[in-house]
Amino acid sequence: MGSDKQSVGLLETLKMERVRTILTHRYPYPHEHSRHAIIAVVVGCLFFISSDNMHTLIQKLDNNIKWWSMYGCLLGFFYFFSSPFIGKTIKPSYSNFSRWYIAWILVAALYHLPSFLSMGVDLRMNLSLFLTIYVSSILFLLVFHIMFLGLWYIGLVARVAGKKPEILTIIQNCAVLSIACCVFYSHCGNRAILRQKPFERRNSSWFSFWKKEERNTWVSKFIRMNELKDQVCSSWFAPVGSASDYPLLSKWVIYGELACSGSCPGSSDEISPIYSLWATFIGLYIANYVVERSSGWALTHPLSVKEYEELKKKQMKPDFLDMVPWYSGTSADLFKTAFDLLVSVTVFVGRFDMRMMQASMNKVQDGVLQGDILYDHFSEKEDLWFDFMADTGDGGNSSYTIARLLAQPSIRVNTKDSSCVLPRGDLLLIGGDLAYPNPSAFTYERRLFCPFEYALQPPPCYKVEHIAVNKPEVPCGLSELKQYDGPQCFVIPGNHDWFDGLNTFMRYICHKSWLGGWFMPQKKSYFALQLPNGWWVFGLDLALHADIDVYQFKFFVELIKDKVGENDSVIIMTHEPNWLLNCYWNDVSGRNVSHLICDYLKGRCKLRMAGDLHHYMHHSCVSSDKPVYVQHLLVNGCGGAFLHPTHVFSNFSELYGASYKCEAAYPSFEDSSRIALGNILKFRKKNWQFDFIGGIIYFVLVFSMFPQCKLDHILRDDSFSGHMRSFFSTMWDAFMYMLEHSYVSLAGAMLLLMAAITFVPPKLSRKKRVIIGILHVSAHLAAALVLMLLLELGIETCIRHKLLATSGYHTLYQWYRTVESEHFPDPTGLRVRIEQWTFGLYPACIKYLMSAFDVPEVMAVTRSNICKKGLLSLSRGGAAIYYASVFLYFWVFSTPVVSLVFGSYLYICINWLHIHFDEGFSSLRIANYKSFTRFHLKSDGDLEVFTLAVDKVPKEWKLDPEWDGEQPKQMSHLREFPSKWNAAVTQQDPISTVRIVDHFIIPRTEKT
């Protein structure tokens, strides 16, 4: 016993569990790219600038409005371009690309503008130094990683080293390292012997008005940070010593610059502080990488197995997909959706109909279809709770929000006078459009099944690959469907489910038995349900025709004649709300459905409910002498898809000759109109992938107008009004040039005009569509011309002030080579040896990297050549380089503007013309305002209707501890806490925020 205790104590002392944790390879490595390094570089840069140059900036502000307006425009355009990506990472990593892209071309533009030298910052030196260190660091680390992988391959390092490094990680580390060296050089220099800077002399003129006794104020203390900065440079980052102290390194280092008054005899023997700083960072990276990949140790101490599992559980989050980006120019799903729709409309509509195939396979018994389409297992219940939702499978957060509410054993909601408890529905009816943007295995599994399975898990016997060939496949131990007391689900397809000819719907709905924990006995795409107390549900499949086919019509007619009693009540469920859409489009559709309701049901249709429109609206008939064929009309498509407006449909008032009034709308007409304003303010933030379309369109519109060589008259005017007159006169001349001489831009404008006219909904007359299309294109063309002239004026101004196009394409490299030997002495010829060893590739890489980086210089030099010799003087390669350099900047300027113009167009059309309701709200990708309808079929035959809504959908979820701690049961609907995730903020959980937005009762038909 004693030995056992001793061994336990020894293991506890040595923390063997932690050692085992370190050596196992299944735990993630925390260090790929140190965020602390970025923070340190940013803080250091701000510290140096604030301590050394803030007072200089205030003292030497340039009063020339021309340059500061150019700074303002440049920074403004770059901010609006990058604003959708600030504070978040968008996948794919367009946000990361945007940050590096912005940093590149913004710095390349800013360093040519004046006023930075007045702040004591020589951007030209910093840029050339950055690019040199950057290339050197990448080459050095690539060689290191190749050597390290070679050592791993021959077995000299541990097996965990075999994980290949991320190329992006190396690039980011090299960038941070290079920036750190440049920040140090800007404020400390490369001095081997630091000169003392007389602080008082530099600042005496600026602070001479202060009294001595006031120098101890917080402002003076802030300015005296400059002294602290000098101490940091001279003490903390001083040269590591003389090269004579390190004989082996004497030929492999860069030396510091001598700092002395007058001429300095000889050369410095001190190692460059820049070189020592670079070597320190490289050494830290290599040491950390080697230790981490060889032993498992990293910068942070690893957790124990138990601690790691607890942390992992806390960090668990559902892998929900975002809302579909309908205006994406890069989404393969959207191109597939367009292709599927084209094929479905041109090939299948009128030629092949899956509903005809289903009808040919039906079984006929006793004059009606039993088992395949008609289900009566609910008819013997005394009362029944059931739910209706539609249009799910868009964003994971919104779809799971509704699924979580549907899955709860009960929901407590507050009414005007009290609170009530609504039990979970025994039946779930889904009104179509199960996954967006197109039906596929991926969208059905990730956008539909995933949220529902998280909300209510399928039974343990469920297998994803299982195909139900003999439905209904009731759970084990039961012989018939009536014996199953769990929730069931019946679904009709929507237009999006028909894009592939109903193929995916048939595979995932009609040939599978479980949607999460909801059992699906359904075999066909349409059905009839016999409910208690003389109520029926007819689920109709409208396909892409917006109507039922003749075989479907025949089935329901025979069912009405043989089964539906004179005093029974019928609920018609379709995907499309024909009553609203026919009013909006001034059209007539669904003739067979209307024939069925008016001529066969004859007033027994108490309720028509549908989805398709992603909002909630309830209309009830107005008492009159005219016959009423439908008492209530209900639209609820808020099951997870993006929001649709309600105010566009406020004019509806009549159906089948009867008058109707709107009882409820969610969101309200006022809120709906207000939400549309988001198209102006948020279009680009929500649709950043539209950049690929909008930027290219604007560039094509002005392609033929580059360059504008005659801008003297704009720059010569003295008054603001004169500048504006000359500017718009030049803009008009450019437009006329496009009409008279351009090919590319004119063709682009004509194609855009035809697309804009086609884009206007056909509910308007052709004349109005042409007018709206012309106005739309005119706004885009005017914006593109303004941006083109602003870019050209900026370049022309810089050329006139000798800031651009001074000495050819390699200006930055040539300048750097002239000052390199002065500021970075190399008495041992290290750079010459490296050039020989790399066969000239090392300086060539730096030279062309600097030229590629300096896009404004390339653009200005080529523009000057075109203006002097003409465009034909350029080779094809030269022309391609010029237009590519122009596009890099014009794309940044144009993408925020094209989104603003297009978003304003959508806003005007929605709120003023009441058109583009689909296009104008799909752009906003609103996940909020979600709802479903819960019905209670009472024992007395009355139908009570509750519509439950959640105004704000949670974006962050966490593992529900109640669900995790509850003992699993055979069927998940028996659990008290059936859903896996709840909102990360308890107050935002749907169960806490759900409310009733509509409540009404449909009385049963009195027996005659």
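Residues numbered from 1 in each chain as written. Predicted model: local features only at pLDDT ≥ 70, side-chain atom pairs only at ≥ 80, totals over all residues. Heavy atoms only, no water.

K.L.:
Would you mind going over the pattern of salt bridges with me for this structure?
P.N.:
Charged atoms that come close allow side chains of opposite charge to pair. In this structure the tally under the stated criterion is 18 salt bridges. As a salt-bridge pair, Asp-691 and Arg-684 come within 2.8 Å of each other at their nearest N and O atoms. The partner of Arg-975 in a salt bridge is Glu-966, and the shortest N-O contact between them spans 3.5 Å. Exposure remark for Arg-975: the relative accessible area of 8% places this residue in the buried category. In the salt-bridge network here, residues are joined through shared partners; they are Glu-792, Glu-796, Arg-800 and Arg-863. (Salt bridge = Lys/Arg side-chain N within 4 Å of Asp/Glu carboxyl O. Buried < 20%, exposed > 50% of the residue type's maximum accessible area, 1.4 Å probe, protein only.)

K.L.:
Looking at this model, I keep getting lost on the packing of aromatic side chains. Mind explaining?
P.N.:
The way to describe two aromatic rings as a pair is by their centre distance and the angle between their planes. Following the criterion strictly, the structure yields 59 aromatic pairs and no others. Judged by centre distance (5.7 Å) and plane angle (75 degrees), the rings of Phe-140 and Trp-278 are edge-to-face. With Phe-140 in helix 7 (residues 123–153) and Trp-278 in helix 12 (residues 273–295), this pair connects stretches of sequence that are 138 residues apart. Note on Tyr-526 and Phe-556: the rings are 6.3 Å apart at their centroids and 50 degrees apart in plane angle, and the pair reads as tilted. A residue pair is termed long-range when its members are at least 10 positions apart, and Tyr-526 in the loop between strand 10 (518–519) and strand 11 (527–530) and Phe-556 in helix 19 (residues 550–562) qualify at 30 residues. The same class applies to Tyr-526 as to Phe-556, namely buried. Each member of the aromatic cluster is reached from another via a ring pair, and the members are Tyr-101, Trp-104, Phe-692, Phe-699, Phe-703, Phe-706, Tyr-882, Tyr-883, Phe-887, Phe-890 and Trp-891. (Phe/Tyr/Trp six-rings, centres within 6.5 Å; stacked < 30°, edge-to-face > 60°. Helix = DSSP H or I, 4+ residues; strand = E, 2+ residues; numbered from the N terminus.)

K.L.:
Any chance you could explain a nonpolar patch on the surface here in plain terms?
P.N.:
A surface patch of nonpolar side chains, about 320 Å² in accessible area, is lined by Leu-142, Ile-167, Leu-168 and Ile-171. A total of three residues in the nonpolar patch trace back to one element, the largest contributor, which is helix 8 (residues 167–188). Inspection of the secondary structure puts Leu-142 in helix 7. (Patch = residues over 30% accessible without salt bridge, like charges linked within 9 Å, V, L, I, M, F, W, Y side chains within 5 Å. Areas by Shrake-Rupley, 256 points an atom, 1.4 Å probe, with all protein chains shown as cover.)

K.L.:
What exactly am I supposed to notice about the side chain of Ser-128 here?
P.N.:
Summarising the element assignment, Ser-128 is placed in helix 7. With residues near it in sequence (within four places) discarded, Ser-128 still touches Leu-812, Trp-815, Tyr-816 and Met-850. (Contact = heavy atoms within 4.5 Å.)

K.L.:
How should helix 18 (residues 503–510) be read in this particular structure?
P.N.:
Given 3.6 residues per turn, any residue in an α-helix points the same way as the ones three and four places further on. Of all eight residues in helix 18, six are buried, a share of seventy percent or more. If you check which residues of helix 18 are buried, you get Thr-504, Phe-505, Met-506, Tyr-508, Ile-509 and Cys-510.

K.L.:
Hey, could you run me through the sheet that holds strand 11 in this one?
P.N.:
Backbone hydrogen bonds hold the strands of a sheet together, and the pairing may be parallel or antiparallel. The nine strands are arranged 3-11-12-13-14-16-15-18-17 in an open sheet whose pairing can be described as mixed. Each edge of the open sheet is held by one strand with a lone partner, namely strand 3 (374–375) and strand 17 (654–655). In this sheet, strand 18 (residues 658–666) lies alongside strand 15 (residues 616–621) in antiparallel orientation, the contact comprising six bridges. Paired with Tyr-616 across the two strands is Tyr-666, which belongs to strand 18. On the sheet, helix 19 packs against strand 3, strand 11 and strand 12 (535–539) and is oriented at approximately 170 degrees with respect to strand 12. Each of strand 12, strand 13 (569–573), strand 14 (605–610) and strand 16 (630–636) touches helix 21 (residues 591–601); the most contacted strand, strand 14, lies at about 165 degrees to it. (Pairing = 2+ DSSP bridges. Axes fitted to C-alpha atoms, helices over the stretch in contact; angles between N-to-C directions.)

K.L.:
How should I be thinking about helix 28 (residues 766–800) in this particular structure?
P.N.:
Between the first and last C-alpha of helix 28 there are 50 Å, a value that for 35 residues agrees with the 51 Å anticipated at 1.5 Å per step. Lys-802 sits one or two residues past helix 28 and shows a positive phi near 60 degrees. (Expected span 1.5 Å × (residues − 1).)

Treat this as a map of the structure, not an account of what it does.
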